[in-house]
Amino acid sequence: MLGLMQDWPLLCHRIIEHAAEVHGTQEVITRSVEGPIHRTNYRQIRDRALKVSQRLDRDGIKLGDRVATIAWNTWRHLEAWYGIMGIGAICHTVNPRLFPEQIAWIINHAEDRVVMTDLTFIPILEKIADKLPTVERYIVFTDKAHMPQTTLKNAVAYEDWIAEADGDFKWKTFDENTAAAMCYTSGTTGDPKGVLYSHRSNVLHALMANSGDSLGANAADTMLPVVPLFHANSWGIAFSAPSMGTKLVFPGAKLDGASVYELLDTEKVTHTAGVPTVWLMLLNHMSANSLKLPHLRMVVCGGSAMPRSMIQSFLDLGVAVRHAWGMTEMSPIGTLAALKPPFAELKGEARLDILQTQGYPPFGVQMKITDDAGKDLPWDGKTFGRLKVSGPAVSKAYFRLDADILDEDGYFDTGDVATIDAHGYMRITDRSKDVIKSGGEWISSIDLENLAVGHPAVAEAAVIGVYHPKWDERPLLIIQLKQGQSATREDILKFMDGKIAKWWMPDDVAFVDGIPHTATGKILKTALRDQFKAYSFPNAAA
Ligand code: ADP
């Protein structure tokens, strides 16, 4: 027997429609790319998003066609998201920080028909435009007065383009499983992979993000997403904020500490979200100028592990911290470290211990950890294994890639290695390609690195697995010393001795002048593995 409830497809544009009806005068504020602060509200955003739909429709963009955006967080970009999705076209957010060849590869793979972009990115696009055969026109998020001369095909200023629409247009309706948006993973190994969100997955993900224990904002709050709209579905904020009527503040092109601070302060922002590098810039700016943020209540931080010292710095400023883990394939929220019983009352280091975990999943994300053979491992907070996830906003395949990415129970392997405790708190201990497999047992490279950097002479430490004839792999500790400091192999090993299991101890220590990093500041282990390709352990004959 079926239930007797209405057939109400979960479509993304219903969110902006709701925002316009119920929270119509709630503000959306932007530091515009042209410079001045711009103010609008949800009703105007809905009206102009409808014009985007109407114009795209008139240009012949149809259900399933891809429209790319390469743009900063601004009100126009938000309008474009809803306008594109509102006719069943797919909003393809492209990360402008990628190499131009990668941008071209991604646009060609997606076969984008239209590219919407900011003034900032015109020079990059002009360089690759002749390699983008599917793109029919470029729409620049600006007005006539700021529109530059450009060689981009059929280029038009966004304001001129939507001015040709009267807004007398209705959103289209279609099945809620229709694709709504796509976002390519950055592809540190192999080609980038296209993640394809559906209307249903985005709406359900917004509901997950809306819980007080998720992003933590409500209708009376103000959210500043530093996380870009082009990164991992904007952590769901482009849907979550309008669905609740949360006031939005967009930082545009300026993400430095001083600019972010200024907006947080003048707009009395209560909630903000971004990666650790952004918060480091903000905290440095604040401490150098003895600044405070009396209105800020919550910083959501994810993308890579949040250092303990950063958590403490925000707590010292009277700001709560929510460490989050997720990935593009998960829309992207996986877990968030809200404090629930029995941890809510914890103080001092014990409180930091919980805040530093990656947290527990909201309803809608299921997790498990397994060994290499796929056998479930216990949630004891100690045993670590491959972290796998399932849920209605988790990928089941990549765009135009013929590969089965789920296990037999329908779980997606995140590529992360983690522990989970009895309360569901997850802690990332490694990437699965970095974990050291010694005699069938796993050693966490991150735990060893964290321990080694505690030595006063060590600036940075990286651990890689190196071939060992008896154990398959053993840890090699690679150290960059602080300038003017010295320490020997024995000093370092002695420092670590007794603080970890004996069999976790690195077999050797190598000293280097510099440890290589990725563009996002993660240690580039592929380069280190290459550098130490010919290395063999002194004890390898044993
Ligand atoms: P990219 O496309 O840049 O790889 P993702 O956002 O999809 O972007 O990257 C997801 C990965 O980032 C996760 O699988 C995990 O390894 C890492 N990550 C995300 N959040 C955290 C966190 N809070 N702590 C540690 N690692 C994290």
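Note: the structure precedes this text.
Residues numbered from 1 in each chain as written. Predicted model: local features only at pLDDT ≥ 70, side-chain atom pairs only at ≥ 80, totals over all residues. Heavy atoms only, no water.

K.L.:
How should I be thinking about the pattern of salt bridges in this particular structure?
P.N.:
A side chain with one charge can pair with a side chain of the opposite charge if their charged atoms come near. Scanning the entire structure with this criterion turns up 36 salt bridges. Measuring nitrogen to oxygen at the nearest pair gives 2.7 Å for the salt bridge that ties R113 to E136. Here the residue R113 occupies a position in the loop between α4 (100-110) and β5 (114-117), and E136 occupies one in the loop between α5 (122-128) and β6 (137-140), the gap between them amounting to 23 residues. R113 sits in the buried class, given a relative accessible area of 17%. D434 is paired through a salt bridge with R529; the nearest N and O atoms lie 3.2 Å apart. Pair noted here: D434 is in the loop between β19 (426-431) and β20 (436-438) and R529 is in helix α15 (residues 525-531), with a separation of 95 residues, a long-range link. On the basis of relative accessible area, D434 is assigned to the buried category, the value being 10%. A relative accessible area of 27% places R529 in the partly exposed class. By sharing partners, the salt bridges in this structure join E34, R48, R76, E79 and E159 into a single network. (Salt bridge = Lys/Arg side-chain N within 4 Å of Asp/Glu carboxyl O. Helix = DSSP H or I, 4+ residues; strand = E, 2+ residues; numbered from the N terminus. Buried < 20%, exposed > 50% of the residue type's maximum accessible area, 1.4 Å probe, protein only.)

K.L.:
Explain the site of the ligand to me, please; I cannot follow it from the model alone.
P.N.:
Of all residues adjacent to the ligand, which total 16 residues, the nearest are H323, A324, T328, D416 and R431. A305 has a polar backbone atom sitting 3.2 Å from a nitrogen atom of the ligand. Interatomic distance of 2.9 Å between a side-chain N/O atom of R431 and an oxygen atom of the ligand. In the complex, the protein chains occlude 84% of the 580 Å² of accessible area that the ligand would expose alone. For the shell around the ligand, the element with the most residues is strand β14 (residues 320-326), which contributes four residues. Considered class by class, the residues forming the shell around the ligand number four nonpolar, nine polar and three charged. (Near = heavy atom within 4 Å. Polar contact = N/O pair within 3.5 Å; in protein donor to acceptor, adjacent residues only side chain to side chain. Areas by Shrake-Rupley, 256 points an atom, 1.4 Å probe, with all protein chains shown as cover. Nonpolar A, V, L, I, M, F, W, Y, C, P; charged D, E, K, R; others polar.)

K.L.:
Would you take a moment to explain the side chain of R322 for this structure?
P.N.:
By secondary structure assignment, the location of R322 is in strand β14. Buried charge R322 goes without a salt bridge, the closest partner of opposite sign being D213 at 4.5 Å. (Lys, Arg positive; Asp, Glu negative; His and termini not counted.)

K.L.:
Just checking my understanding: could you explain the state of the cysteines for this structure?
P.N.:
What makes a disulfide is a covalent bond joining the sulfur atoms belonging to two cysteines. In the structure shown here, the tally under the stated rule is zero disulfides. C183 forms no disulfide, and the closest cysteine sulfur to it belongs to C91, at a distance of 9.6 Å. Residue C183 is classed as buried on the basis of its relative accessible area, which comes to 2%. Lacking any disulfide linkage, C301 is separated from the closest cysteine sulfur, that of C183, by 19 Å. (Disulfide = S-S within 2.5 Å.)

K.L.:
Would you mind going over the packing of aromatic side chains with me for this structure?
P.N.:
Geometrically, a pair of aromatic rings is defined through the distance of the ring centres and the angle of the planes. Within this structure, the stated rule accounts for 13 aromatic pairs. Geometrically, the ring pair formed by W81 and F239 is tilted, given 5.6 Å between the ring centres and 50 degrees between the ring planes. With W81 in helix α3 (residues 75-85) and F239 in helix α8 (residues 237-244), this pair connects stretches of sequence that are 158 residues apart. Across this residue pair, the class does not change: W81 and F239 are buried. Taken together, W81, Y82 and F239 form an aromatic cluster joined through their ring pairs. Here the basic side chain of K193 rests over the ring of Y398, its NZ or CZ set 5.5 Å away from the ring centre. One cation-aromatic arrangement involves K368 over Y411; the distance from NZ or CZ to the ring centre is 4.4 Å. (Phe/Tyr/Trp six-rings, centres within 6.5 Å; stacked < 30°, edge-to-face > 60°. Lys NZ or Arg CZ within 6 Å of the ring centre and 35° of its normal.)

K.L.:
Would you take a moment to explain α8 for this structure?
P.N.:
Counted residue by residue, α8 has eight buried out of eight residues, so it is predominantly covered. Taken residue by residue, α8 has I237, A238, F239, S240, A241, P242, S243 and M244 as its buried positions.

K.L.:
How do you make sense of the nonpolar core when you look at a structure like this?
P.N.:
Soluble globular proteins tend to pack their nonpolar side chains together in the buried interior. Formed by 81 residues in total, the largest nonpolar core has its most connected members in L56, M116, W161, I237, L248 and L387. The leading source of residues in this core is α3, at seven residues. Residue assignment places this core across two domains, with domain 1 (13-26 + 41-198) and domain 2 (365-431) each supplying three or more. Residues within four places of L56 in sequence aside, it is in contact with I61, V67, G83, I84, I87, M116 and W161. (Core = buried A, V, L, I, M, F, W, Y, C linked by side-chain atoms within 4.5 Å. Domains from an automatic or database assignment. Contact = heavy atoms within 4.5 Å.)

K.L.:
Quick question: what am I supposed to make of the environment of A145 here?
P.N.:
Examined against the element boundaries, A145 turns out to sit in the loop between β6 and β7 (156-157). Using a relative accessible area of 70% as the deciding quantity, one classes A145 as exposed.

K.L.:
It is not clear to me how the packing of helix α11 (residues 308-316) against helix α12 (residues 348-355) should be interpreted in this structure. Could you clarify?
P.N.:
How two helices pack is summed up by the angle between their axes together with the distance between the axes. Interaxial distance between α11 and α12 falls to 10 Å at its minimum, and their mutual angle equals 115 degrees. Viewed along their axes, α11 and α12 form a crossing whose handedness is right-handed. Two secondary-structure elements touch here, α11 through R308, I311, Q312 and L315 and α12 through E349, L352, D353 and L355. (Axes fitted to C-alpha atoms, helices over the stretch in contact; angles between N-to-C directions. Left-handed = near helix turned anticlockwise from the far one by under 90°.)

K.L.:
Sorry, what's going on with the sheet that holds strand β18 (residues 412-420) here?
P.N.:
Backbone hydrogen bonds hold the strands of a sheet together, and the pairing may be parallel or antiparallel. Sheet architecture is open: four strands sit in the order β16-β17-β18-β19, paired in antiparallel fashion. Looking at the sheet topology across the chains shown, the edges are occupied by β16 (366-370) and β19. Taking each pair of neighbouring strands and ignoring which way they run, the sheet shows an average axis angle of 50 degrees. By the bridge criterion, four bridges tie strand β17 (residues 385-390) to β18 in an arrangement that is antiparallel. Note that in β18 the partner of K388 across the bridge is D413. (Pairing = 2+ DSSP bridges.)

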